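# Per-entry structural report
The chain contents come next:
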Amino acid sequence: MRTAGKCHGRTGVQPKRHSLQRPPASDGDAQRPTRTRRKDMAHRQHDADSVAIRSPPNSHSALRATHPNRVTYSTHYENWKNVTPISRPFPVLPWSIGMPDMDNVCLSFYHSVMCTVGVTVDDEHFNPLRSTVMRLVFRTETAYYAVLMASAHYLRSVDSRFELMEIQIRSRVLRGLRRALMKDNLDWEDLLVPTIFLCSSAISSSCDGSWVKHLACFQLIVKEMARGHRKAPPVPHFFISYFSAHLVLAKSVFSIEDTLPVGEIPTTPISPTSLASSTNTERVSWTSTKDLAKVMPADTLHEIDVWNGLSSHMLLLINEILTLKHDAQVLRDQSSDPSTPQTAVKQKQAAIADKITNLEASLATTTQIIPVSLYKDRSPTESRHGFRLLKSTSEAYRLASYLLLSEAACPRFLGYTPTATPSIERLRDQAQRAQYVDRIFHLANYVVSSVDHLPISWPLWPLFIASCCCSQDEKSRTMRIFRAARDKAPYENIPRAQTLVELLWQRRDMQTESHNTVRVGRFEWESAMEFLGWQTSFA
């Protein structure tokens, strides 16, 4: 509108510029909140940095040391810009965006910087951003645009001219995704890469809750693979890994089933277009541990996923712990229904006790191993640091899972006091819980302090769970880790996790909700999230 002269006075009267070279924004413009940020700003005024961490910088802010996050984040950009030749490092593709040099800039930046900083172990074979995504870039137009969008999303944090470019490319990605979804025969290559990058940009930039809707794509995959009706080529493990981890960990903070209700799938193979008219259907719980296990390779269940930082088996254990939410709510309904016989209530309580016992034993004995394939063609010295980061992250997830189970096994969560068993007693042991919290803080601090930029797999979820379970004496230590993490990566879910933890502590201190209040089938942090309205966005 400024370029068109539609602003008041002569603000908009200026020469036309290239579409990518927007006018330098003033400091006021740079801090203007987006719709999502406006919604949450009322709850975060006590922490101005939380709001400003992802505000679009003006034309000079990338060079100013006004905020440690921006300086650290722009270091990779400056290094890459100074040492990387960008003169056509990739072949010219028929679906180029048509902007001089921008294709090569974004592709080169993605390959040289984003692939490197995104994972703990980086090479052509085991880094999915290289081995899977880059391969698809040269095969499908939508995947190509999705990678350019992701690169522009990263670059706009340090160079404002990429802000408009990201918007322009995002529209192409959405058009391509819409076309792919309208086809009778779904092509996973056209669907999954753009879906992942749309999710990632929504989570890292504004914590936009719309990312949850993209899980509908994964919902379809689980339904079809659970019934064995897929005729398409096997879905690459990276996509299963990404969506399953987001699904399971999000279930620990809100009910995904309410957002994406369980549908029906056919018992005989039919095309997606005739799915709605089919009458021969069978209900499948796409979030069940049994069906999620069907989309995961059985021979690598105990191997640490280099992208997520934990094994598929551990992810399934977390998912099974979260089924206690449903069990507790069913038991509450049975207990309050006069027509339900007491024997049925006792049987349900016994089933819950058995599940808790089995889960506690599994968490105590399970092992997560470095993938055997990572040892090939590597010297021990070369691999030691990356492997230690993976092991630290996976162990933090295991200990956080134990804390999650201990929260789910308490009377205020179950709605009744379970019979004391050895497993229940161990879960109630406050000294052991404190020891696990201390260990998680140690592991998370090691990962944060050992890298100059946090990989995607860094243990934010374990840090969040431990922070919700820590004592008063550990609060300052928790905040130090959060602040250090925010200096290493500008993901908006980090300050959001910190804000939520602080609010939870304040609610306890003010005793607005007693620590012993019965919350059947709900964790304590869920009520704090409802207060902020962050259920889907923070997840």
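As the structure is a prediction and not an experimental result, all values here were calculated from the model.

Right, let's talk about the overall build of the chain for a bit. A count of helical and extended segments in the chain gives 24 helices and two strands. Going through the 539 residues of the chain one by one, you find that 55% of them count as buried. For the chain, restricting intrachain contacts to residue pairs at least 6 apart in sequence, the fraction spanning at least 24 positions comes to 73%. As displayed, the chain has an accessible area near 24000 Å², and 53% of this comes from carbon and sulfur atoms.

The nonpolar side chains of a soluble globular protein tend to be buried, and buried together. Grouped together as the largest cluster of nonpolar side chains are 147 residues, with contacts concentrated most on Phe218, Phe464 and Trp525. The greatest single-element share of this core, amounting to eleven residues, is contributed by helix α7 (residues 141–155). Counting residues in each nonpolar core, the second largest holds seven residues, with Val121, Ile304, Ile370 and Leu390 among its members.

A separate point is the packing of helix α19 (residues 430–450) against helix α21 (residues 475–488). Where α19 meets α21, the closest approach of the two axes is 10 Å, and the angle between their N-to-C directions is 25°. Accordingly, the angle class assigned to the pair α19 and α21 is roughly parallel. At the point where α19 passes α21, the crossing takes the left-handed sense. Facing Asp438, Phe441, His442, Ala444, Asn445, Val448 and Ser449 of α19, the residues of α21 in contact are Arg477, Thr478, Ile481, Ala484, Ala485 and Lys488. Tallied by class, residues from the contact of α19 with α21 come to six nonpolar, four polar and three charged.

Turning our attention to helix α20 (residues 460–469). Among the ten residues that make up α20, ten are buried, leaving the element largely enclosed by the rest of the structure. Residues of α20 that are buried include every one of Leu460, Trp461, Pro462, Leu463, Phe464, Ile465, Ala466, Ser467, Cys468 and Cys469, and no others.

To continue, consider the confidence of the model for the chain. On average, residues of the chain score 77 in pLDDT, and 73% of them are at 70 or above. The low-confidence segment residues 9–73, where pLDDT is below 50, has 114 contacts with residues more than four positions distant or belonging to other chains. The low-confidence segment residues 262–282 (pLDDT under 50) makes 41 contacts with residues lying over four places distant or belonging to another chain.

A few words now on the pattern of salt bridges. The full count for this structure, using the stated rule, is 20 salt bridges. Shared partners join several salt bridges into a network, and the residues in it are Glu320, Asp327, Lys348 and Lys355.

Turning to the packing of aromatic side chains, a few remarks are in order. The final tally for this structure, using the stated rule, is 13 aromatic pairs. Taking 5.1 Å as the distance between ring centres and 65° as the angle between the ring planes, the aromatic pair formed by Phe109 and Tyr154 counts as edge-to-face. Placement of the pair is Phe109 in helix α5 (residues 102–117) and Tyr154 in helix α7, with a sequence separation of 45 residues. The buried category is assigned to Phe109, whose relative accessible area is 0%. Feature note: the residues Phe218, Phe238, Phe239, Tyr242, Phe243 and Trp307 constitute an aromatic cluster, connected by ring pairs. In this structure, Arg496 is placed above the aromatic ring of Trp534, and the distance from its NZ or CZ to the ring centre is 4.4 Å.

Tracing the sequence through the fold places Leu389 in helix α16 (residues 380–408). Between the alpha carbons of Leu389 and Val121 there is a distance of 9.2 Å; along the sequence they are 268 residues apart. Not counting chain neighbours up to four residues away, the residues in contact with Leu389 comprise Thr120, Tyr446, Val447, Ser450 and Val451.

Time to look at helix α9 (residues 188–206). Helical geometry: 3.6 residues make up each α-helical turn, so side chains three or four residues apart lie on a common side. Under the 1.5 Å per step criterion, the end-to-end length of α9 is 27 Å for 19 residues, consistent within 8% with the ideal 27 Å. Judged by how many residues are buried, α9 sits mostly within the fold: 17 of 19 residues are covered. Of the residues trailing α9, Cys207 is marked for its positive phi of about 50°.

Another point: the environment of Thr478. Tracing the sequence through the fold places Thr478 in helix α21. With near-sequence residues (within four places) excluded, Thr478 lies in contact with Phe441, Ser467, Cys470 and Trp505. Among the polar contacts made by the side chain of Thr478, one reaches the main-chain carbonyl oxygen of Glu474 at a distance of 2.9 Å.

With the rule as written, the count across this model stands at zero disulfides. The cysteine Cys469 is free of any disulfide, with Cys468 supplying the nearest cysteine sulfur at 6.4 Å. Assessed through its relative accessible area of 15%, Cys469 is described here as buried.

A few words on the side chain of Thr142. Examined against the element boundaries, Thr142 turns out to sit in helix α7. Residues within four places of Thr142 in sequence aside, it is in contact with Val173, Gly176, Leu177, Asp190 and Pro194.

Reading the values: the criteria
Residues numbered from 1 in each chain as written. Predicted model: local features only at pLDDT ≥ 70, side-chain atom pairs only at ≥ 80, totals over all residues. Heavy atoms only, no water. Helix = DSSP H or I, 4+ residues; strand = E, 2+ residues; numbered from the N terminus. Buried < 20%, exposed > 50% of the residue type's maximum accessible area, 1.4 Å probe, protein only. Contact = heavy atoms within 4.5 Å. Areas by Shrake-Rupley, 256 points an atom, 1.4 Å probe, with all protein chains shown as cover. Core = buried A, V, L, I, M, F, W, Y, C linked by side-chain atoms within 4.5 Å. Axes fitted to C-alpha atoms, helices over the stretch in contact; angles between N-to-C directions. Parallel < 35°, antiparallel > 145°, perpendicular 65-115°, else oblique. Left-handed = near helix turned anticlockwise from the far one by under 90°. Nonpolar A, V, L, I, M, F, W, Y, C, P; charged D, E, K, R; others polar. pLDDT = per-residue confidence, 0-100. Salt bridge = Lys/Arg side-chain N within 4 Å of Asp/Glu carboxyl O. Phe/Tyr/Trp six-rings, centres within 6.5 Å; stacked < 30°, edge-to-face > 60°. Lys NZ or Arg CZ within 6 Å of the ring centre and 35° of its normal. Expected span 1.5 Å × (residues − 1). Polar contact = N/O pair within 3.5 Å; in protein donor to acceptor, adjacent residues only side chain to side chain. Disulfide = S-S within 2.5 Å.

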